[in-house]
Amino acid sequence: MVLRREPTARQVRLGVELRKLREAAGLTAREAAALLGTGRVQISHIESGLTGVSEERLRRLASHYACTDENFIDTLVAMATERTRGWWEEYRGLLPTPFLDLAELEHNATFLHEVAIMYVPGLLQTEDYARAVFSSRIPELTYEELALRVRHRLRRQQILHPYELVIHESALRIRVSDRPAARAQLTKVLELSDADNITVRVIPLDRDGFARASSTMTYVGGPLPKLDTVIRDAPHGSALLDSEAQLNAYRTRFRRVEAVSLEPERSRDFIHELTKEL
């Protein structure tokens, strides 16, 4: 079987979950391979997302691993057998892989929780705001690279699932471009926050408890809680976190950040006042 050169985040996550099941069962990769009548390398490739796994083999592995959670197994099977080619694949080879992974995660999400401190999140950015953000990159992007990133970001903005954003006042006040662009950006946040599936909460500068909101995060809901993912910005790209301990910690973190934010209606009034200042 030809190995994947660049497995998607979803394919990698499937392999990670199968590895977790194997390790929980106390089996080595060689022992798991023997149960399937294959080699250790094949198990390694499956667990790294470099090759796929059939429904029949996946269910056999789950049985050997003594996994009795049928809902979980069915979800893994759906991940393994999905053949839909997402819109983001047209950017493969043109944009760094994390851009594609983010779009795939958002597309398959059941909900999104986000905390923003310095910038308005990509899902709510205007074209001018996104262009200004990408233009500040060092080394500078070429015209073609800049256009690709802006187009990809705007394409991500078809938000169909519940999306809750907690944004700090500083992110709303920082001008990544000029005054008209800042006003247009705040107006867009207000317009989108009126959607039934989008909730925006603001943390004012004078609000107590800022330490709880001292860093950005995106919490992506999976088809099951154990398949949730946390996205954290790192110096050389995004880091995807998925261990049970990490997920529990960031669930708690979001609840605490949410608790120090303004209610949605008060947040809308707050943003409206900022817009009038411009």
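Throughout, a residue's number is its position along its own chain's written sequence, starting from 1. Local features in a predicted model are, by the rule used here, given only for residues with pLDDT of at least 70; side-chain atom pairs are given and counted only at 80 or more, and totals for whole chains, interfaces and linings are based on all residues. Computation of side-chain values: all heavy atoms of the structure, hydrogens and water removed.

Draft legend 1. Representation of the overall build of the protein chain. Looking only at helices and strands, the protein chain features 12 helices and 6 strands. Each principal axis of the C-alpha atoms in the protein chain carries an extent, and together these give about 70 × 40 × 30 Å. Remark: exposure states derive from per-residue accessible area (1.4 Å probe, protein chains only) relative to the maximum for the residue type, with buried under 20%, exposed over 50%, and partly exposed in between. The burial tally for the protein chain puts 46% of its 278 residues in the buried class. Taking the contacts inside the protein chain whose residues are at least 6 apart along the sequence as the reference set, 74% of them involve residues at least 24 apart. Counting rule applied: Lys, Arg positive; Asp, Glu negative; His and chain ends not counted. Throughout, a charge is located at the NZ atom of Lys, the CZ atom of Arg, the CG atom of Asp or the CD atom of Glu. Across the protein chain, the centroid of the 39 positively charged side chains sits 3 Å from that of the 40 negatively charged ones. For the purposes of this entry, the term helix denotes a DSSP run of H or I that reaches at least four residues, the term strand denotes a run of E that reaches at least two, and both are numbered from the N terminus. The criterion used for residue contact is that any of the two residues' heavy atoms lie within 4.5 Å.

Draft legend 2. Up close: the pairing of strand β4 (residues 217-221). Taking burial as the measure, the 5 residues of β4 include 5 buried ones, the bulk of the element. On β4, burial covers both faces: M217, Y219 and G221 on one face and T218 and V220 on the other are all buried. Strands were regarded as paired on the criterion that DSSP finds at least two bridges between them. Across 5 bridges, the pairing between strand β1 (residues 111-116) and β4 is antiparallel. Bridge assignment links F111 to a residue of β4, and that residue is G221.

Draft legend 3. Seen up close, unusual backbone geometry. With an omega of 0°, the peptide bond between I138 and P139 qualifies as cis. Residue placement: P139 occurs in the loop between α7 (127-135) and α8 (143-155).

Draft legend 4. Inspection of the layout of surface pockets at higher detail. Site definitions follow a grid-based scheme: protein atoms alone, a 1 Å grid, a 1.4 Å probe that fits but cannot get out for cavities, and for pockets an open set with protein on both sides within 12 Å along at least five of seven lines, plus lining residues having an atom within 4 Å of a point. Grid points are joined across faces, edges and corners, and a volume is the space filled by probe spheres set on the points. By volume, the second largest pocket amounts to about 700 Å³. Lining the second largest pocket are 26 residues, and of these R4, T8, Q11, E89 and E104 sit closest to its centre. Elements that contribute at least two residues to the lining of the second largest pocket include exactly α1 (9-24), α5 (70-81) and α6 (97-107). With 3 residues, the top contributor of residues to the lining of the second largest pocket is α1. Under the convention adopted here, Pro, Cys and the residues Ala, Val, Leu, Ile, Met, Phe, Trp and Tyr are nonpolar, Asp, Glu, Lys and Arg are charged, and Gly plus all remaining residues are polar. Within the lining of the second largest pocket, the residues separate by chemical class into 7 nonpolar, 9 polar and 10 charged.

Draft legend 5. Looking closely at the environment of E145. Along the polypeptide, E145 turns up in helix α8. In the structure, E145 is positioned 60 residues away from R85 in sequence and 23 Å away in space, judged by C-alpha atoms.

Draft legend 6. Inspection of helix α11 (residues 244-259) at higher detail. For α11, which comprises 16 residues, the first-to-last C-alpha distance of 23 Å matches the rise-based estimate of 22 Å (1.5 Å per residue) to within 8%. Considered for burial, the residues of α11 that qualify are L247, Y250, F254 and V257. Down the axis of α11, the buried side of the element spans an arc of 90°, and every buried residue falls inside it. In α11, the exposed positions angled more than 90 degrees off the buried face are occupied by E244, A245, R255 and A259. Expected helix span is computed as 1.5 Å times (number of residues minus one). Starting at the helix axis, one direction is taken to each C-beta atom, and the arc is that of these directions.

All quantities given are derived from atomic positions and should not be read as evidence of function.
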